[in-house]
Amino acid sequence: MKEYNYCPICATSLQMGMIEGRKRKYCPECDFVDYKNPLPVALAVAVKDKRFLLIKRGLPPRKGMWGAASGFIEIGETPEEACLRELKEETGVSGEIVKLVGVIRIDDKEIYGDMLIVAYLVKVKDEKLAPGSEAEDARFFDIAELPGYYSFFLKDIIEEIQNQEVF
Ligand SMILES: [Zn+2]
């Protein structure tokens, strides 16, 4: 993860000190404290006819791997809005939120560090896929052919979908 060495407000060299019970970098000139918080990400467990819509990631982290459409929540956006926007951007399809699947912490060693993932179950409304610039590909997977890491994280919701008539 990239670190601040200089104050992003006034460009003074940051110092290390105990602030609110943790070692943090702070600026001795202005009030800036380099708080480290997890980055909020919305993720779409997108389903149609008991098949899961995954993208082949076009950008790091995990470039080239298949996974759920996801992305950072923007200022002014609800997690639900971010989830549906990312799904649309990365796969070209619209969807509707069914429910919250869960909130998970992931530590991305590659770039972003601590991330707070808000995962929703999304019912896909369109058929036609049009992967966006951040995805190399997008397609539907049958439950049996889902990548192991995907089924591991989402085994409860996959089981639920397998047994439900509505999907
Ligand atoms: Zn400063």
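Numbers given for residues are sequential positions, taken from 1 along each chain in its written order. Confidence filtering applies because this is a predicted model: local features only for residues at pLDDT of at least 70, side-chain atom pairs given and counted only at 80 or more, and all residues used for totals across whole chains, interfaces and linings. Excluded from the side-chain calculations are hydrogens and water; all other atoms, namely the structure's heavy atoms, are used.

J.: For the packing of aromatic side chains, give the residues involved together with the corresponding values.
T.: Both the distance between ring centres and the angle between the ring planes are used here to describe each pair of aromatic rings. A pair of aromatic rings is counted whenever rings of Phe, Tyr or Trp (Trp by its six-membered ring) have centres within 6.5 Å, and the orientation is called stacked for planes under 30 degrees apart, edge-to-face for over 60 and tilted otherwise. Scanning the entire structure with this criterion turns up 5 aromatic pairs. Relative to Tyr150, the ring of Phe52 has its centre 5.9 Å away and its plane inclined at 80 degrees; by these criteria the two rings are edge-to-face. Pair noted here: Phe52 is in strand β4 (residues 51-57) and Tyr150 is in helix α2 (residues 148-153), with a separation of 98 residues, a long-range link. Relative accessibility under 20% of the residue-type maximum defines a buried residue, over 50% an exposed one, and the middle range a partly exposed one, all with a 1.4 Å probe and only protein chains included. A relative accessible area of 0% places Phe52 in the buried class. The buried category is assigned to Tyr150, whose relative accessible area is 4%. Arranged with centres 5.2 Å apart and planes meeting at 65 degrees, the rings of Trp66 and Phe141 form a pair that is edge-to-face. Residue Trp66 is found in strand β5 (residues 66-67), and its partner Phe141 is found in strand β9 (residues 135-141); the two are separated by 75 residues along the sequence. With respect to class, Trp66 is no different from Phe141; both count as buried. Numbering of helices and strands runs from the N terminus, with a helix taken as a DSSP run of H or I at least four residues long and a strand as a DSSP run of E at least two residues long.

J.: Please provide a residue-by-residue account of the coordination of the zinc ion, values included.
T.: Note that water is not among the atoms considered, so a metal site may appear incomplete; the donors listed are N, O and S atoms within 2.8 Å of the metal, with 3.2 Å applied to Na, K and Ca. Every protein donor of the zinc ion is accounted for by Cys7 (SG), Cys10 (SG), Cys27 (SG) and Cys30 (SG), and the metal-donor separations fall at 2.3 Å. Taken together, the 4 donor atoms surrounding the zinc ion define angles of 101 to 124 degrees at the centre, an arrangement classified as tetrahedral. Mapped onto the polypeptide sequence, the residues donating to the zinc ion form the spacing pattern C-x2-C-x16-C-x2-C. You can see Cys10 sitting in the segment before β1 (15-19) and its partner Cys30 sitting in the loop between β2 (22-26) and β3 (39-48), a full 20 residues away along the chain. Residue classification places Cys30 among the partly exposed positions, given a relative accessible area of 25%. Tetrahedral means four donors with every angle between 85 and 135 degrees, whereas square planar (four donors) and octahedral (six donors) require angles over 155 degrees between opposite donors and between 65 and 115 for all others; sites fitting neither are termed irregular.

J.: Can you lay out the side chain of Thr91 for me, pointing to particular residues and giving the numbers?
T.: Mapped onto the fold, Thr91 is located in helix α1 (residues 79-91). For Thr91, a relative accessible area of 0% gives the class buried. Within the structure, Thr91 has its side chain in polar contact with the backbone oxygen of Leu87 (distance 2.6 Å). There is a polar contact of 3.2 Å between the side chain of Thr91 and the backbone nitrogen of Val93. Contact definition: two residues touch when any of their heavy atoms are within 4.5 Å. Apart from the residues lying within four places of it in its own chain, the contact partners of Thr91 are Leu53, Ile55, Leu129, Ala130, Pro131, Gly132 and Ala138. Polar contacts here mean pairs of N or O atoms no more than 3.5 Å apart (in protein, one a potential hydrogen donor and the other a potential acceptor; neighbouring residues in sequence count only if both atoms are side-chain atoms).

J.: Got a sec to walk through the pattern of salt bridges? Specific residues and values, please.
T.: Salt bridge, as applied in this entry: a Lys or Arg side-chain nitrogen positioned within 4 Å of an Asp or Glu carboxyl oxygen. Across all of its chains, the model carries 14 salt bridges by this definition. Here Arg62 and Asp108 are joined by a salt bridge, their closest N and O atoms 3.9 Å apart. A residue pair is termed long-range when its members are at least 10 positions apart, and Arg62 in the loop between β4 and β5 and Asp108 in strand β7 (residues 95-108) qualify at 46 residues. Look at Arg62 and you get partly exposed, because its relative accessible area is 36%.

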